[in-house]
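Inside the fold
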Amino acid sequence: MTTTRAEKVRDAAYRMRHHILDMGEVQGQGYVGQALGVADLLAVTYADQLRFRADDPHWPDRDRFLLSTGHYAIALYAALAEAGTVPVSELETYGSDGSRLPMSGMASYTPGMEISGGSLGHGLTVAVGMALGLRLKGRHQRVFNFLSDGELDEGSTWEAAMGAAHHQLGLLTAMVDMNALQADGPTKGVLGIEPAEEKWEAAGWFTQRVDGNDIDALLAAFDAAAERARPVGQPSVILCDTRIGRGVPLLETREKAHFMRIDEDEWQLCRDQLTEGHEGAR
Amino acid sequence: MTTATKRLTTSAMIASFADPGQRTASAPFGHALAALAERDDRIVGLTADLGKYTDMHVFAQAHPERFFQMGMAEQLLFGAAAGMAEVGLVPFASTYSVFAARRAYDFLCLDIAEPKLNVNIVGGLPGLTTGYGPSHQATEDVAIFRGMPNLTIVDPCDSVDIEQAVPQLAEAEGPTYLRLLRGKVPTVLDEYDYTFRLGKAAVLRGGTDVVFVSSGLMTMRALQAAEELAKHKVDVAVVHTPTIKPFDAETVLAEVDSDRLVVTLENHTVVGGLFETVASAVVSRGLGKRVVPIALPDEFLDAGALPTLHERYGLATDTVVAKVLAELDR
Ligand SMILES: Cc1ncc(C[n+]2csc(CCOP(=O)(O)OP(=O)(O)O)c2C)c(N)n1
Ligand SMILES: [Mg+2]
């Protein structure tokens, strides 16, 4: 039996979701809901799209992955553990004293972290510089930037969006987690950002919008972006509508919150639901 | 990882620095602002997607028509606050200190401070009040803001300071910056003969061996350390300077100008904060007096649990006591 790309990604996402729950339990709370929501998206990125060497995060020929949404580090750590850059055994130090894996990763000491996170709306500006710089040096690596719907509030994101289109950074791909949630509540109540596709299109980007928990749709969108990727061309954005808590019904149905409260006795239940759901889908 | 061993963690942003069992008041800023707005209809509240995290949600619930959610857009937050002040309103605009100081500085400077507008900047997580890491630790906010002409800077110790400061900030004509303490905020200063007066320092207790000059939550630690030091037969005076700028040099220098050991205590980097404020006042007055700083190092700090970090960087009460005893050769 041959494993399809989609199956490989689905299995990676499943293991990443377990890592996320394990890390979440260390803190007792945190960005577990968001991370479960983007596990499919990061699994596609790391297990299918990104060119990197797990054992050499500084490999000069790597594609760059910038996590602009610093608090999503829990999701990236899961992807890095799945990839082999971070030992799985280290995940239990997440957010703890002395850990290399703080709640927002730091470029200076977190493995696999290209930029220091925590202040939102920075990533795309740095990505523009990386794409310009790599092109100037004659290299054809791609630059991926992950951002959240909340980051579409920041002027800096749109400064970068226009800059990328102006400079025709065709090797730059942005992915946006459209989870419809921000710190003070649902995105539409905090600052309306729709129609988001039209905004990106107007800024000059090749724009796709997909169900961010549909792995086939994600693969198709990333493939379409890859196909168009060239040193001088249109930058690509993939807007991904994701479901908070995805894969764990208990959390999918819980009231959406930036800090989702999960009680001590619920973690095992979450893990059991995740496992059941994955096995049921086989 | 089914056997979850409990280790000290960051517990996100909302770590409290209240000691176990300490008296606290809940969201003193939000309640004080809501109460003030009852009597003053010029008051408006704004935030940049951090209402729940800066206690502004209390005001928002009490006065929904005077609350403005600006989204996570700090430049817009302060530009819009300037616009509201230009048309006669008195805005209180909240975000975390880092994002006010680092992200929106240009807007604060030109749109608010230069025209001397009555905009009140409310910054959560000042100094080291979160274990989240450098993105959220505003270790240099005072250093940044002290350079801004016309700006009044207030570093409250506790809920008493905050409750009493809010109406005075609104009353003051120009712009102000409040180093907000949020959530369950310790109540300390009601045990002293003290009221907050904008621009004034206050001697909370006298002492013959050492003078502590402190602001913010470090005044709480200074008072605790003074009690501890008394057990070592060291008699410590505590001068609380909740207004950092303009600085009440009169009150502070009157205490500093003695043969006692002078120690400044601040929840801020040693660069550009209370220590340098006191030191420049001392030098300007021509006092040949040594001043010992207790402050954060000039570094990007670690992430981790807040008590661990206060211990590591010297803000914990026991590290203050140890430092003073060492200075005194005891
Ligand atoms: C520049 C900046 N402003 C404010 C914050 C505080 N903050 C952290 S997460 C967040 C919500 C942003 O929306 P989003 O990333 O979509 O949130 P989520 O989906 O994780 O709830 C805010 C306002 C920040 N980290 N950076
Ligand atoms: Mg969101």
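Numbers given for residues are sequential positions, taken from 1 along each chain in its written order. By the order in which they are written, chains take letters starting at A while ligands take numbers starting at 1. Only residues with pLDDT of at least 70 are given local features in this predicted model, and only at 80 or more are side-chain atom pairs given and counted; all residues enter the totals for whole chains, interfaces and linings. Side-chain measures here rest on the full set of heavy atoms in the structure, leaving out hydrogens and waters.

Labelled according to an unreviewed UniProt entry, chain B appears under the name Transketolase, originating from Prauserella flavalba. UniProt positions are given in the numbering used here, feature names are shortened, and annotations may be inferred rather than shown by experiment. Reading the Sequence similarities (unreviewed entry) entry of the UniProt record for chain B gives the comment "Belongs to the transketolase family." Taken directly from UniProt, the Cofactor (unreviewed entry) text for chain B runs: "thiamine diphosphate".

An unreviewed UniProt entry annotates chain A as Transketolase originating from Prauserella flavalba. Under the heading Cofactor (unreviewed entry), UniProt records this for chain A: "thiamine diphosphate".

**Some words on the sheet that holds strand β7 (residues 236–241) of chain A**
Residue and element names in this part refer to chain A. Pairing between strands is defined by DSSP: at least two bridges between them are needed. By the criteria applied, helices consist of DSSP H or I runs no shorter than four residues and strands consist of E runs no shorter than two, each listed in order from the N terminus. One open sheet holds the five strands; their spatial order is β1-β2-β3-β7-β6, and the pairing between them is parallel. This sheet does not close on itself; its edge strands, each paired only once, are β1 (64–67) and β6 (206–211). Along the sheet, successive strands turn relative to each other by an average axial angle of 20°, direction set aside. Relative to strand β2 (residues 143–148), β1 runs parallel, the two sharing four bridges. Across the sheet, Leu 67 pairs through a bridge with Phe 146, a residue of β2. Axis definition: a line fitted to C-alpha atoms, over the contacting stretch in the case of helices. Angles run 0 to 180 degrees between N-to-C directions.

**So, the packing of aromatic side chains**
Under the pairing criterion, centres of Phe, Tyr and Trp rings, with the six-membered ring standing for Trp, must be within 6.5 Å; the plane angle then separates stacked pairs below 30 degrees from edge-to-face pairs above 60, leaving the rest tilted. Summed over all chains, the structure comprises twelve aromatic pairs over all chains. Ring geometry for A:Tyr77 against A:Tyr94: centres 6.1 Å apart, planes inclined by 70°, an arrangement best described as edge-to-face. Note that A:Tyr77 is positioned in helix α3 (residues 73–83) and A:Tyr94 in the loop between α3 and α4 (123–136), a separation of 17 residues in sequence. As far as burial versus exposure is concerned, A:Tyr77 and A:Tyr94 are alike and both buried. For the pair A:Trp158 and A:Trp200, a centre-to-centre distance of 4.8 Å together with 45° between the ring planes defines the contact as tilted. Within this pair, whereas A:Trp158 is found in helix α5 (residues 155–166), its partner A:Trp200 is found in helix α7 (residues 196–202), the two being separated by 42 residues in sequence. The pair A:Trp158 / A:Trp200 is uniform in exposure class, with both members buried. One aromatic cluster is present, built from ring pairs that chain together A:Tyr31, A:Phe259 and B:Tyr53. Two thresholds decide whether a charge sits over a ring: the Lys NZ or Arg CZ must be within 6 Å of the ring centre and within 35 degrees of the ring normal. The cationic tip of A:Arg228 hangs over the ring face of A:Phe206; the distance from NZ or CZ to the ring centre is 3.8 Å. When a residue's accessible area, from a 1.4 Å probe over protein chains only, is under 20% of the maximum for its type it is buried; when over 50% it is exposed; and in between it is partly exposed.

**Digging into the interface of chain B and chain A**
Residue contacts are defined here by distance: any two heavy atoms, one from each residue, within 4.5 Å place the two residues in contact. Listed per partner, the contact involves 34 residues of chain B and 39 residues of chain A. Taking both sides of the interface into account, the surface hidden between chain B and chain A amounts to around 2900 Å²; carbon and sulfur atoms contribute 48%. What makes a salt bridge here is a side-chain nitrogen of Lys or Arg within 4 Å of a carboxyl oxygen of Asp or Glu, nothing more. Here chain B is connected to chain A by one salt bridge. With a closest N to O distance of 2.8 Å, B:Arg103 and A:Glu154 form a salt bridge. As used in this structure description, the phrase polar contact means that two N or O atoms lie within 3.5 Å; if the pair is within protein, one of them must be able to donate a hydrogen and the other to accept it, and residues adjacent in sequence are counted only when both atoms belong to side chains. Where chain B meets chain A, there are 15 residue pairs in polar contact (both at pLDDT 80 or more). Along the lines of polarity and charge, the residues of the side of chain B that touches chain A split into 16 nonpolar, twelve polar and six charged. Accessible surface is computed with a 1.4 Å probe, and the buried area is the amount of it that two parts give up when combined, taken over both parts together. Residue polarity is assigned by list, with Asp, Glu, Lys and Arg as charged and Ala, Val, Leu, Ile, Met, Phe, Trp, Tyr, Cys and Pro as nonpolar; anything else, Gly included, falls into the polar class.

**A look at the sheet that holds strand β2 (residues 43–47) of chain B**
Residue and element names in this part refer to chain B. In spatial order, the strands read β3-β2-β4-β5-β7-β6-β12; together these seven strands make up an open sheet with mixed pairing. The strands lining the two open edges of the sheet, one partner per strand, are β3 (67–69) and β12 (243–245). Across this sheet, the average inter-strand angle for adjacent strands is 20°, counted without regard to direction. Pairing of β2 with β3 involves three bridges; the strand directions are parallel. Bridging across to β3, Leu 46 finds its partner in Phe 68. Against the sheet, helix α1 (residues 28–39) engages β2, β4 (90–96), β5 (120–124) and β7 (176–179), with an angle of about 145° to β2.

**As for the pairing of strand β13 (residues 261–269) of chain B**
Residue and element names in this part refer to chain B. Counted residue by residue, β13 has nine buried out of nine residues, so it is predominantly covered. With five bridges connecting them, strand β10 (residues 210–214) and β13 associate as parallel partners. Along β13, the bridge assignment pairs Val 211 with Val 262. As judged from the five bridges shared by β13 and strand β14 (residues 291–296), these two strands associate in the parallel manner. Each bridged residue has a counterpart across the sheet, and for Thr 264 the counterpart in β14 is Pro 293. When the strands point away from the viewer and the path from the first strand over the helix to the second turns clockwise, the crossover is right-handed. The β-α-β motif built from β13, the intervening helix α10 (residues 274–284) and the parallel element β14 has right-handed crossover chirality.

**Quick word on the site of ligand 1**
Residues in close proximity to ligand 1 total 22 residues, the closest being A:His71, A:Ser148, A:Asp149, A:His258 and B:Glu74. More than a single chain frames ligand 1: its nearby residues are located in chains A and B. Side-chain polar atom of A:Asp149 to an oxygen atom of ligand 1: 2.6 Å apart, as the coordinates give it. For ligand 1, whose unbound accessible area comes to 580 Å², protein coverage reaches 99%. Breaking the shell around ligand 1 down by element, the ones donating at least two residues are β4 (181–182) of chain A together with α4 (97–103) of chain B. For the shell around ligand 1, the per-class residue count stands at seven nonpolar, ten polar and five charged. Note on terminology: near, applied to a residue and a molecule or strand, indicates that one of the residue's heavy atoms is within 4 Å of it. Values of accessible area rely on a 1.4 Å probe in the Shrake-Rupley scheme; residue burial ignores everything except the protein chains shown.

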